[in-house]
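Breakdown of the fold
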Amino acid sequence: MIMELNNVTVEDGPDASKSHTQAANTPSNNEKPKPQLLYAINDNPPWYLSIFLAFQHYLTMIGAIVSIPFILTPALCMSDEDANRGIIISTMIFVTGIVTYFQATWGVRLPIVQGGTISFLVPTLAILALPQWNCPEQAEMDAMNEADRQELWQVRMRELSGAIAVSAMVQVVLGYTGLVGKILKYVTPLTIVPTVSLVGLTLFEHAADTASKHWGIAVGTTGMLTLFSQIMSNVSVPILAYRKGHGLEVRQFQLFRLFPVLLTIMIMWGLCGILTATDVFPPSHPSRTDVRLNVLTSAKWFYVPYPGQFGWPSVTLSGVLGMLAGVLACTVESLSYYPTVSQMSGAHSPPLHAINRGIGTEGLGTVLAGLWGAGNGTNTFGENVGAIGVTKIGSRRVIQWAALIMVLQGVIGKFGAIFILIPDSVVGGIFCVMFGMIIAFGLSTLQYVDLRSARNLYILGLSIFFPMVLCRWMQKNPGAIDTGNTTVDSTLSVLLGTTILVGGFLGCLLDNVIPGTPAERGLIDWANEMPLGDDNINDGTATDYDFPFGMDAIRRWKWTYYIPFMPTYKLKKQS
């Protein structure tokens, strides 16, 4: 079968599903124009093309994923030479792959990656900063034997694991019981804008730190990604292709539009390799390709992470309450991403049952991450949301392949460790583009509200600027809150130190308290994008979110019409 997509002709197998991208991108008279996509949500690219596209998603998230354990392990009192750092990294990515597959296949069924998040790292560091978890003096740790050193960090990991797993049960309940639908009535466009935009704005320091390792490489990476994804996106490259019955022939292939991120990383990584081999970069320079070689040499060839590998989790009230702030922040953040990703991937707006499943599955994934000892939860990964906008690839199948790559990398330690060698400056250049796109996607929700309204401008400005001021002050003054109760102190510190939570709460509160008309607030147009209340009726048209199989039986079982996470939930009775 031959598929022709925007002058790209791809040879496909006889059993492959037919692409509907062109139909998906053609709006009807009553629909909004959908983004021009090479592959929409239900399109299945050929397996070999899917692997390359999935690998691009893998490379997009790997830099940020592995950065979390490197920040976490010093707080766990682990030494830089501890080989268990590789196990923690592999565990996090292994669980990420499992949860991503279930989320894309059975959860919200959007092409999203469920990865580690800064939202969990902030309360994690707050918990480990409590007096009982402070690391001993270096001389005391050096005097410990191997068993004591291992128990030193594992007891802290068990504390985090219990806090993550138990607090995530709140998200499971919110999703699978449908209670998250109650929240949706108050999640307005002026709640979405600060929540999503502050993700990118908060991460600018992380992008600056990595890019500043070598500004020449970082700027070159950003410039090359801009060249490939924007300027040369319609440039076709001639390639040799074999077609049965015709033999070899020359085809035009849109290489730069399909693989801008992958090409950029490979070229700039190769350049850094040349500068390393010629000693242009001095020893220990962060842009050298061998600066993290110890991670590769210490990684195991084969290791399967398993629940309780560091001991069974312990549960304390202070840990659970502190980690709950990260769970709530992730819930609001994911609610913000679902309508954005659905629009970007050419899908229908997410119905209530899909949102319920998405939040519930995300919570279940975080529970699994806690039980596995990943030291972090899972959340909709913003970098990969940005990657969809850059590559114009919104296929669910690509994300499923990416999940498989993550699972394999979690099992084959050496395979994943190779990509940890990507220089920070290259990753920083990629972050400058991706985080900027996240900010832009958040601001794009302003299309629904009246920007001529002084009321809306006031809410918008305050809900974005005030969290940045407050959270920066909280970071510089970690002991500012002192009520005499460590549980209350850590909980308030986490709540007031998370920009996306403060911004989302402030935008939600002001938009629902300050008087304004529905049209002024953007509720009328927004209601067409997301179900906002219990009166929403499932008319059965949003088939993008149906289960991959078993739908005929589910539709026959009338009791499923009352289950909040089933595709038949509140399905309008057919005459």
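It should be emphasised that the depicted structure is a prediction, and the values quoted were computed from it without experimental measurement.

**What to know about the confidence of the model for the protein chain**
Across the protein chain, the average pLDDT comes to 80, with 86% of residues at or above 70. Within the protein chain, the lowest mean pLDDT, 32, falls on strand S1 (residues 2-5), and the highest, 92, falls on helix H15 (residues 352-372).

**A look at the packing of helix H9 (residues 204-211) against helix H19 (residues 424-444)**
Between H9 and H19, whose axes approach to 7 Å, the crossing angle comes to 150°. Classified by the angle their axes make, H9 and H19 are roughly antiparallel. H9 and H19 meet at a crossing whose hand is left-handed. Two secondary-structure elements touch here, H9 through His 206, Ala 207, Thr 210 and Ala 211 and H19 through Asp 424, Ser 425, Gly 428, Phe 431 and Phe 435. The residue inventory of the contact of H9 with H19, partitioned by class, reads four nonpolar, four polar and one charged.

**A few points about helix H22 (residues 499-513)**
The terminal C-alpha atoms of H22, which comprises 15 residues, lie 21 Å apart, in line with the 21 Å expected from a rise of 1.5 Å per residue. Among the 15 residues of H22, 11 are classified as buried, and the element is accordingly described as predominantly covered. Those residues of H22 lying buried are Thr 499, Ile 500, Leu 501, Val 502, Gly 503, Gly 504, Leu 506, Gly 507, Cys 508, Leu 510 and Asp 511.

**Here we look at unusual backbone geometry**
A positive phi angle, near 60°, is found at Asp 279, a position not held by glycine. Inspection of the secondary structure assignment puts Asp 279 in the loop between helix H12 (260-277) and helix H13 (293-298). On the basis of relative accessible area, Asp 279 is assigned to the exposed category, the value being 53%. The phi torsion at Ser 284 lies on the positive side, around 70°, for a residue other than glycine. Mapped onto the secondary structure, Ser 284 falls in the loop between H12 and H13. By relative accessible area, which is 67% here, Ser 284 ends up exposed.

**Focus: helix H3 (residues 84-105)**
Count 3.6 residues to each turn of an α-helix, and residues three or four apart come out pointing the same way. For H3, spanning 22 residues, the distance from its first C-alpha to its last is 32 Å, which sits close to the expected 32 Å at 1.5 Å a residue. Of all the 22 residues making up H3, 18 are buried; the element is thus mostly covered by neighbouring parts of the structure.

What counts, and where the lines are drawn
Residues numbered from 1 in each chain as written. Predicted model: local features only at pLDDT ≥ 70, side-chain atom pairs only at ≥ 80, totals over all residues. Heavy atoms only, no water. pLDDT = per-residue confidence, 0-100. Helix = DSSP H or I, 4+ residues; strand = E, 2+ residues; numbered from the N terminus. Axes fitted to C-alpha atoms, helices over the stretch in contact; angles between N-to-C directions. Parallel < 35°, antiparallel > 145°, perpendicular 65-115°, else oblique. Left-handed = near helix turned anticlockwise from the far one by under 90°. Contact = heavy atoms within 4.5 Å. Nonpolar A, V, L, I, M, F, W, Y, C, P; charged D, E, K, R; others polar. Expected span 1.5 Å × (residues − 1). Buried < 20%, exposed > 50% of the residue type's maximum accessible area, 1.4 Å probe, protein only.

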